[in-house]
Amino acid sequence: MPALFGRLLDLIFPPLCPVCGDLLTAGEPCLCAACRYALPRTRFEDFRCNKAVDRLAGKVRFDRAYAFFHYTKESSVQCLIERFKYQGEGRLASYLGQLAGRDLSMRRFFEGMDLLVPVPLHPSRQRQRGYNQSELIAGGLSLQAGLPVSAEALCRLVRTETQTRKGLWERQVNTQGVFEAPRPELIQGKHVLLVDDVLTTGATMQACAEALWRAGCGQLSFFALALA
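Residues numbered from 1 in each chain as written. Predicted model: local features only at pLDDT ≥ 70, side-chain atom pairs only at ≥ 80, totals over all residues. Heavy atoms only, no water.

### A look at the overall build of the protein
- Counting its regular elements, the protein contains nine helices and six strands.
- Here the protein holds 228 residues, and 50% of them are scored as buried.
- Taking the contacts inside the protein whose residues are at least 6 apart along the sequence as the reference set, 74% of them involve residues at least 24 apart.
- As presented, the protein carries roughly 11,500 Å² of accessible surface, and 53% of it is formed by carbon and sulfur atoms. (Helix = DSSP H or I, 4+ residues; strand = E, 2+ residues; numbered from the N terminus. Buried < 20%, exposed > 50% of the residue type's maximum accessible area, 1.4 Å probe, protein only. Contact = heavy atoms within 4.5 Å. Areas by Shrake-Rupley, 256 points an atom, 1.4 Å probe, with all protein chains shown as cover.)

Structure, rendered in structure tokens:
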């Protein structure tokens with residue numbers, strides 16, 4: 001019955017590609033093949049020397065960093081991120097996490113890591129949105145990397161204003177003292193991969209990283225779905 005109901009829904013509301021609006025086929029769960037192929041991947045060759053690393057270098061100690069897509073205004077990546085952040089389409093976050101995880105697993109990016117930790121939302125914002133998009137991205141990565149996700153390892157103490165229109169200094173101030181690692185036993189001595197949706201100035205990841213280091217993580221790396 002559920003399968004039949006799903007087919008009836010597809011007849012009434014046929015699934016469309018969120019980027020171009022074309023009908024999706026049975027083998028296209030979230031994006032059409034053309035739009036998936038055209039997504040602007042960064043294709044960084046080195047996990048320890050790339051533009052994501054440069055964005056975070058000198059701010060906090062870490063092992064490796066990677067951003068999977070380029071994020072530019074009015075791009076397909078902006079469209080997809082806005083849909084899963086503001087329009088309730090969380091499955092897109094998981095799907096894009098799986099795309100990235102499949103590629104990075106083949107390139108051994110996850111080697112030596114123990115745990116995926118998503119950047120947390122404040123509880124009130126997560127209730128409003130219905131999910132944490134970084135946790136969904138981490139879940140997609142986990143399916144390919146075979147690593148556990150711990151959404152309890154970090155918490156956000158303060159509901160901050162959106163970072164979208166803030167400059168570098170404002171972003172730094174906006175994230176000071178915001179994060180805490182309330183259960184150190186989850187991360188102590190472990191190589192943690194911190195997962196976020198968009199890497200802009202690095203202020204949020206820096207603030208999270210400082211909380212993880214204070215709690216005793218053994219090693220730290222960064223992943224962002226997109227680099228602004």
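There is more to say, and it comes next.
### Some thoughts on the packing of aromatic side chains
- Here the structure, examined in full by the defined rule, presents seven aromatic pairs.
- Ring centres of phenylalanine 47 and phenylalanine 109 lie 4.9 Å apart, and the angle between their planes is 75°; on these two criteria the pair is classed as edge-to-face. In this pair, phenylalanine 47 sits in the loop between α2 (33–38) and α3 (51–56) while phenylalanine 109 sits in the loop between α5 (90–106) and β2 (115–118), placing the two residues 62 residues apart along the sequence. Neither phenylalanine 47 nor phenylalanine 109 differs from the other in exposure class; each is buried.
- With a centroid separation of 5.2 Å and an interplanar angle of 65°, the aromatic rings of phenylalanine 62 and phenylalanine 222 are classed as edge-to-face. Placement of the pair is phenylalanine 62 in the loop between α3 and β1 (65–70) and phenylalanine 222 in strand β6 (residues 219–227), with a sequence separation of 160 residues. Pair check on accessibility: phenylalanine 62 and phenylalanine 222 agree, each one buried.
- An aromatic cluster is defined as three or more aromatic residues linked by ring pairs; in this entry it consists of Phe44, Phe47, Tyr66, Phe109 and Phe110.
- One Lys or Arg, arginine 61, reaches over the ring of tryptophan 213 and ends 3.7 Å from the middle of that ring. (Phe/Tyr/Trp six-rings, centres within 6.5 Å; stacked < 30°, edge-to-face > 60°. Lys NZ or Arg CZ within 6 Å of the ring centre and 35° of its normal.)

### Section: the nonpolar core
- In terms of nonpolar packing, the biggest core is built from 71 residues, with Ile187, Leu194, Phe222 and Phe223 touching the most fellow members.
- Apart from the residues within four sequence positions on either side, isoleucine 187 is in contact with Leu115, Ala153, Ala181, Val192, Leu212, Ala215, Gly216, Cys217 and Gly218. (Core = buried A, V, L, I, M, F, W, Y, C linked by side-chain atoms within 4.5 Å.)

### Topic: the pairing of strand β5 (residues 191–199)
- Among the nine residues in β5, nine count as buried, and that is most of the element.
- For β2 and β5, the ladder comprises four bridges, and the chain directions are parallel. By the bridge assignment, leucine 115 is partnered in β5 with valine 192.
- Relative to β6, β5 runs parallel, the two being bridged by eight bridges. Bridge pairing in β6 links valine 195 to phenylalanine 223. (Pairing = 2+ DSSP bridges.)

### Here's the deal with the packing of α5 against helix α7 (residues 133–145)
- As a packed pair, α5 and α7 sit with axes 7 Å apart at the nearest point and diverge in direction by 35°. Note on packing geometry: the crossing formed by α5 with α7 is right-handed. On the side of α5, the interface is formed by Gly90, Ala93, Ser94, Gly97, Gln98, Ala100, Gly101, Arg102 and Ser105, while α7 contributes Gln133, Leu136, Ile137, Gly140, Leu141, Leu143, Gln144 and Ala145.
- The class makeup of the residues in the contact of α5 with α7 is seven nonpolar, nine polar and one charged. (Axes fitted to C-alpha atoms, helices over the stretch in contact; angles between N-to-C directions. Left-handed = near helix turned anticlockwise from the far one by under 90°. Nonpolar A, V, L, I, M, F, W, Y, C, P; charged D, E, K, R; others polar.)

### Observations concerning the side chain of threonine 201
- The topology assignment puts threonine 201 in the loop between β5 and α9 (203–214).
- Taking the relative accessible area as the measure of exposure, threonine 201 reaches 14% and is therefore buried.
- A distance of 3.2 Å separates the side chain of threonine 201 from the backbone nitrogen of alanine 203, its partner in a polar contact. (Polar contact = N/O pair within 3.5 Å; in protein donor to acceptor, adjacent residues only side chain to side chain.)

### Topic: the pattern of salt bridges
- One pass over the structure, following the stated rule, counts seven salt bridges.
- For the salt bridge of aspartate 197 with lysine 85, the shortest nitrogen-to-oxygen distance reads 3.4 Å. Residue aspartate 197 is located in strand β5, and its partner lysine 85 is located in helix α4 (residues 76–86); the two are separated by 112 residues in the primary sequence.
- Since its relative accessible area comes to 5%, aspartate 197 is described here as buried.
- Residue classification places lysine 85 among the buried residues on the basis of a relative accessible area of 19%. (Salt bridge = Lys/Arg side-chain N within 4 Å of Asp/Glu carboxyl O.)

### Quick look at the sheet that holds β1
- Taken in spatial order, the four strands line up as β1-β6-β5-β2 in an open sheet, and their pairing is parallel. Either end of the sheet is taken by a strand with one partner, and the two such strands are β1 and β2. Taken over all neighbouring pairs, the strand axes of this sheet differ in orientation by 20° on average, direction set aside.
- Packing against the sheet, α7 makes contact with β2, β5 and β6, and its axis sits at approximately 125° to β5.
- Against the sheet, α9 engages β5 and β6, with an angle of about 160° to β5.

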